[in-house]
Amino acid sequence: MPHNSSARKHGGEHSDGGGSASKIQRVKAGRVSEDNEKKSSSKRLKDVEISVPIVYGTISFWLGKKANEYHSHKWTVYVRGATNEDLGVVIKRVVFTLHPSFSNPTRAVESPPFELSESGWGEFEIVITIHFHNDVCDKQLDLYHHLKLYPEDESGTQSTKKPVVVETYDEMVFSEPSESFFARVQNHPAVIVPRLPASFNLPPPESIDDMNERKRGDTNDHPLSQWFMNFSEADELLKLAAARQQVQAHIARIKRQMIVKFLGLDDRG
Amino acid sequence: MDAKDILGLPKTSFSAPQEKKSRPQKDSQRKPDGISREVYALTGGFAPLMPSIDVSHLKRRSHSDKEKITWRWLPFTSSARTDNLLLYHWVRVVNGVPPTGDYSFAKYNKSVDIVKYTDEEYDKYLTDPMWTKTETDQLFDLCERFDLRFIVIADKFPSSRTVEELKDRYYTVSREILIARASSSADVAGNPLVKEPYNVAQEIERKRSLSMVLSQTKQQERKDSEVLAEAKRITETRMLEKSAEDAELHVTSPAGAENTERATIDVESVSPSSNNQLPTEPVAPPTATDGTSTPASLRMLRVYLRTNVLDQMVQAASSSAGLRTIKRVEQTLQDLGVNVKLKVPTKAVCAEHLELRKEILTLLNLQKQLQNKEAEASSLRDNSYTEIPSTPRRAHRGMDQDQSFIHDPLSFGGERVGKRDHKRKALGRFLEAPPSPPQSKRPRKFKDSDG
């Protein structure tokens with residue numbers, strides 16, 4: 001069980017008693033992966049995770065009179081900050097992989113906003129590959145989104161005014177981020193960072209993004225922003241809380257039932 | 001206007017889901033000759049199911065009018081026969097000249113080339129304590145007669161020998177003769193008889209296993225596959241554990257390499273702030289009761305999606321439950337109006353969702369237990385005044401918990417530990433519950449009973 005070991009791991013880290021054993025292990029392991037760690041010269045923050053709420057999806061407009069056999073819809077696929085912040089602080093490049101029938105179906109977008117517009121007639125799955133800045137993460141992240149052009153309800157006639165919008169909320173989680181990454185994004189609105197204790201000193205952030213740059217990448221004034229969906233955490237939490245209350249009430253009732261039944265039995269016996 | 005227009009189908013409907021964008025229609029396929037344009041349009045440019053022939057071939061007379069064809073009942077002989085039996089058949093005769101030559105099917109009369117050995121060769125190479133010369137001769141005669149159909153040969157063989165014994169003798173003799181007659185061993189090295197010698201032991205084993213598999217009953221088969229699945233699960237679990245341990249080593253390594261002291265300080269100073277992950281729970285229970293900690297396998301990835309974590313946690317939490325239970329949990333979620341797929345999977349929402357799932361599992365377990373107890377009780381009532389097991393004690397404990405429940409209205413933060421503690425107790429009760437008697441039907445839903 002993975003949790004078994006993760007629990008074990010944390011036990012080891014926090015206990016002072018078994019220090020000598022774990023130290024040996026640490027040193028031994030350190031030697032092995034020394035080379036690995038040298039190239040990312042900055043230290044990593046343990047037990048810290050940085051998360052970046054994102055929304056990805058497509059908005060598609062029917063072309064109406066202008067539609068022809070092969071270009072019936074104009075659509076835009078994008079990755080945006082959940083509240084339209086500039087994701088350029090974390091994401092270096094987003095590669096959209098379209099259906100092979102498009103000309104050069106692999107399209108890279110190098111700067112925010114990370115979006116791509118096309119026209120076509122068919123729905124298919126778009127692979128969205130996110131590449132991060134060097135100090136963030138050397139791995140990439142794949143998202144999958146099914147392009148939707150036609151509205152769900154059959155009766156609903158297509159209109160050129162009202163687009164079909166499909167969006168997915170998710171969070172990119174970076175475990176054990178490097179110190180420099182942490183320092184850089186600490187106060188950025190697109191990023192959720194945990195609070196570090198005051199005693200902990202981070203290197204001063206390298207000021208790479210000035211105000212101008214930040215302005216450019218957000219999607220607040222995006223022409224499509226009126227169609228963006230809202231993702232409310234509070235609503236979800238309320239719904240879950242209500243459900244939990246219901247379940248707990250049922251648990252309590254069953255327990256009472258059991259007591260009544262078996263105490264009664266007890267008395268008779 | 002064609003059939004597709006009438007049916008209101010798009011022109012290239014069959015390929016629609018795959019072919020997403022324009023494709024060069026013009027040079028796709030040219031209309032073959034001999035098919036009318038309308039018929040071709042109906043096929044939508046697809047290859048016809050049956051090969052279509054050029055109609056002009058049909059119209060053209062293949063035989064010139066000069067040929068006069070008759071069919072005659074004529075005798076024939078076949079080179080495949082050793083007797084001179086004369087049989088008759090119908091023959092196509094062109095211009096009164098019957099066909100000459102051998103019977104056309106005679107060429108299919110293939111016979112196996114069986115090695116022939118002389119007495120001298122036998123004495124020199126082929127003696128075998130298990131076989132007499134007469135027996136070997138008989139074997140080779142039968143081999144020739146039945147074209148190496150060893151099943152038949154074994155049936156006809158005068159002394160009782162198994163098929164494998166016969167095969168072994170035949171192939172050994174053939175091989176020895178081949179080698180003996182070859183000028184050098186390199187000449188025959190490529191011969192299948194030498195290259196792949198017949199292996200009796202393996203053949204016997206092969207047949208034995210085959211018959212074992214074939215004679216297995218359905219039940220055994222099912223049991224086997226269950227065992228295999230279980231084994232696979234165990235292997236996977238071990239792999240995960242191992243990778244988690246590797247991750248642990250990897251994670252602790254950078255500190256160790258540089259200077260251990262500094263690293264330890266880092267760990268201590270950083271951890272209290274670590275998103276209230278572990279410090280709230282000093283002794284992490286072995287099971288995944290901590291809804292917020294991330295599986296090590298994912299943490300190793302450095303970057304992942306929140307939904308990935310949730311999926312893993314859900315899987316881990318339900319790993320002990322059966323498929324049916326998992327289905328029921330999900331059904332319950334739906335009954336409660338909660339999406340199984342989260343709309344806004346933030347950290348808090350995921351944690352709450354996991355808690356909810358756990359509570360539903362608890363509830364389902366309780367329902368099952370209640371039913372078991374009821375069944376137990378009714379059987380007790382039937383043979384009354386027998387000794388009552390330790391039910392009361394348990395019931396009392398249940399009451400304590402119940403009270404804690406009542407005084408514990410739902411809220412998010414704060415009393416987490418207490419609740420979790422409580423839950424562990426509750427789960428413990430399930431564990432100590434006796435193995436359940438055959439279960440009766442359980443109520444599926446409970447939603448309606450809630451006022």
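Residues numbered from 1 in each chain as written. Chains lettered and ligands numbered in written order. Predicted model: local features only at pLDDT ≥ 70, side-chain atom pairs only at ≥ 80, totals over all residues. Heavy atoms only, no water.

**As for the overall build of chain B**
Regarding its fold elements, chain B presents 18 helices and three strands. Taking all 451 residues of chain B together, the buried fraction comes to 33%. Looking at chain B as shown, the accessible area adds up to about 29,500 Å², and 56% of this sits on carbon and sulfur atoms. (Helix = DSSP H or I, 4+ residues; strand = E, 2+ residues; numbered from the N terminus. Buried < 20%, exposed > 50% of the residue type's maximum accessible area, 1.4 Å probe, protein only. Areas by Shrake-Rupley, 256 points an atom, 1.4 Å probe, with all protein chains shown as cover.)

**Considering the packing of helix H5 (residues 133–145) of chain B against helix H7 (residues 163–181) of chain B**
Residues and elements named next belong to chain B. Following both chains from N to C, one finds H5 and H7 inclined at 95 degrees, their axes separated by 11 Å at the closest point. Classified by the angle between their axes, H5 and H7 sit roughly perpendicular to one another. Taken together, the residues of H7 that come into contact with H5 (itself represented by Thr136, Leu139, Phe140 and Cys143) are Leu166, Arg169, Tyr170, Val173 and Ser174. Residues of the contact of H5 with H7, tallied by class, amount to six nonpolar, two polar and one charged. (Axes fitted to C-alpha atoms, helices over the stretch in contact; angles between N-to-C directions. Parallel < 35°, antiparallel > 145°, perpendicular 65-115°, else oblique. Contact = heavy atoms within 4.5 Å. Nonpolar A, V, L, I, M, F, W, Y, C, P; charged D, E, K, R; others polar.)

**Quick look at the nonpolar core**
Counting 41 residues, the largest nonpolar core has A:Val90, A:Ile128, A:Ile130, A:Phe132, A:Met172 and A:Phe174 as the members making the most contacts within it. Beyond its immediate chain neighbours, meaning those up to four positions away, A:Met172 contacts A:Ile50, A:Ser51, A:Val52, A:Ile54, A:Ile91, A:Ile130, A:Phe132, A:Leu141, B:Tyr304 and B:Leu305. Counting 30 residues, the second largest nonpolar core, distinct from the first, contains A:Ala243, B:Met313, B:Cys350 and B:Leu356. (Core = buried A, V, L, I, M, F, W, Y, C linked by side-chain atoms within 4.5 Å.)

**Things to note about the sheet that holds strand S4 (residues 106–109) of chain A**
The strands making up a sheet associate through backbone hydrogen bonding, with each pair oriented either parallel or antiparallel. All names here are of chain A. Reading across from one edge, S4-S3-S6-S7 is the order of the four strands in this open sheet, with antiparallel pairing throughout. The open sheet terminates on both sides in strands that have one partner only, identified here as S4 and strand S7 (141–146). Geometrically, the sheet is characterised by an average inter-axis angle of 20 degrees between neighbouring strands, direction not taken into account. Here strand S3 (residues 91–97) runs beside S4; their pairing, made up of four bridges, is antiparallel. In the sheet register, Val94 faces S4, and the bridge partner there is Val109. (Pairing = 2+ DSSP bridges.)

**Quick notes on a nonpolar patch on the surface**
Residues and elements named next belong to chain B. A grouping of Ile69, Trp71, Trp73, Leu86, Tyr88 and Trp90 is seen on the molecular surface, where their side chains present a nonpolar patch of about 720 Å² in accessible area. Residue assignment for the nonpolar patch shows that the elements contributing at least two residues are strand S1 (69–76) and strand S2 (87–94). Looking at the nonpolar patch element by element, the count peaks at three residues for S1. Tracing the chain through its elements places Tyr88 in strand S2. For Tyr88, a relative accessible area of 43% gives the class partly exposed. (Patch = residues over 30% accessible without salt bridge, like charges linked within 9 Å, V, L, I, M, F, W, Y side chains within 5 Å. Salt bridge = Lys/Arg side-chain N within 4 Å of Asp/Glu carboxyl O.)

**Some words on the pairing of strand S6 (residues 125–132) of chain A**
All names here are of chain A. In terms of residue burial, S6 counts as a mostly covered element, since six of its eight residues are buried. The sheet contact formed by S3 and S6 spans six bridges and is antiparallel. Bridged to Val95 within S6 is Thr129. Inspection of the sheet shows S6 paired to S7 by six bridges, in the antiparallel sense. The residue bridging Val127 from the neighbouring strand is Tyr144, located in S7.

**What to know about H5(B)**
Residues and elements named next belong to chain B. Helix length check: H5, at 13 residues, gives a terminal C-alpha distance of 18 Å against a target of 18 Å (1.5 Å per residue), a fit within 8%. Taken together, the buried positions of H5 are Glu135, Thr136, Leu139, Phe140, Leu142 and Cys143. The buried residues of H5 occupy an angular sector of 160 degrees when the element is viewed end-on, so they sit on one face. Along H5, exposed side chains directed more than 90 degrees from the buried face belong to Thr134, Asp141 and Arg145. Buried positions along H5 lie against helix H4 (119–126), helix H6 (150–156) and H7. (Expected span 1.5 Å × (residues − 1). Arc of directions from axis to C-beta.)

**Here we look at helix H15 (residues 323–335) of chain B**
Residues and elements named next belong to chain B. Look at H15: 18 Å from first C-alpha to last across 13 residues, which is about the 18 Å you get at 1.5 Å a residue. Residues of H15 that are buried include every one of Arg328, Val329, Thr332, Leu333 and Asp335, and no others. Within H15, the buried residues cover an arc of 160 degrees as seen down the axis, which keeps them to one side. Exposed and oriented more than 90 degrees from the buried face of H15 are Leu323, Lys327 and Gln334. Phi turns positive, to about 80 degrees, at Gly337, one or two residues after H15.

**Concerning the pattern of salt bridges**
Counted according to the given criterion, the structure contains 27 salt bridges over all chains. A salt bridge links B:Glu352 to A:Arg244; the nearest nitrogen and oxygen atoms lie 3.0 Å apart. One end of the pair, B:Glu352, is in helix H16 (residues 347–382); the other, A:Arg244, is in helix H6 (residues 233–268), on a second chain. Note on B:Glu352: relative accessible area 4%, which makes it buried. For the salt bridge of B:Glu355 with B:Lys358, the shortest nitrogen-to-oxygen distance reads 3.4 Å.

**Notes on the sheet that holds strand S5 (residues 114–120) of chain A**
The strand order S5(A)-S2(A)-S1(A)-S8(A)-S3(B) describes an open sheet built from five strands, whose pairing is antiparallel. Whereas interior strands pair on both sides, the edge strands pair on one side only; in this sheet they are S5 of chain A together with strand S3 (303–305) of chain B. Taking the axes of each pair of neighbouring strands and ignoring which way they run, one obtains an average angle of 20 degrees across the sheet. With seven bridges joining them, strand S2 (residues 73–81) of chain A and S5(A) adopt antiparallel strand pairing. Bridge pairing links A:Lys74 to A:Ser119 in S5(A). Lying on the sheet, helix H14 (residues 306–317) of chain B is in contact with strand S1 (49–62) and strand S8 (164–175) of chain A together with S3 of chain B; it crosses S3(B) at an angle near 75 degrees.

**Examining unusual backbone geometry**
Residues and elements named next belong to chain A. Geometrically, the link from Pro112 to Pro113 is a cis peptide bond, its omega value of -5 degrees lying close to zero. Among the secondary structure elements, Pro113 is positioned in the loop between S4 and S5. Of note, the phi angle at Asn104 is positive, near 25 degrees, even though the residue is not glycine. Tracing the chain through its elements places Asn104 in the loop between S3 and S4.

**Quick word on the confidence of the model for chain A**
Residues and elements named next belong to chain A. The predicted model of chain A averages 76 in pLDDT, with 72% of residues at 70 or higher. For the stretch residues 1–41, pLDDT sits under 50, and the model shows 53 contacts to residues farther than four places along the chain or on other chains. Within the model, the stretch residues 208–214 combines pLDDT values under 50 with eight contacts to residues more than four positions away or in other chains. (pLDDT = per-residue confidence, 0-100.)

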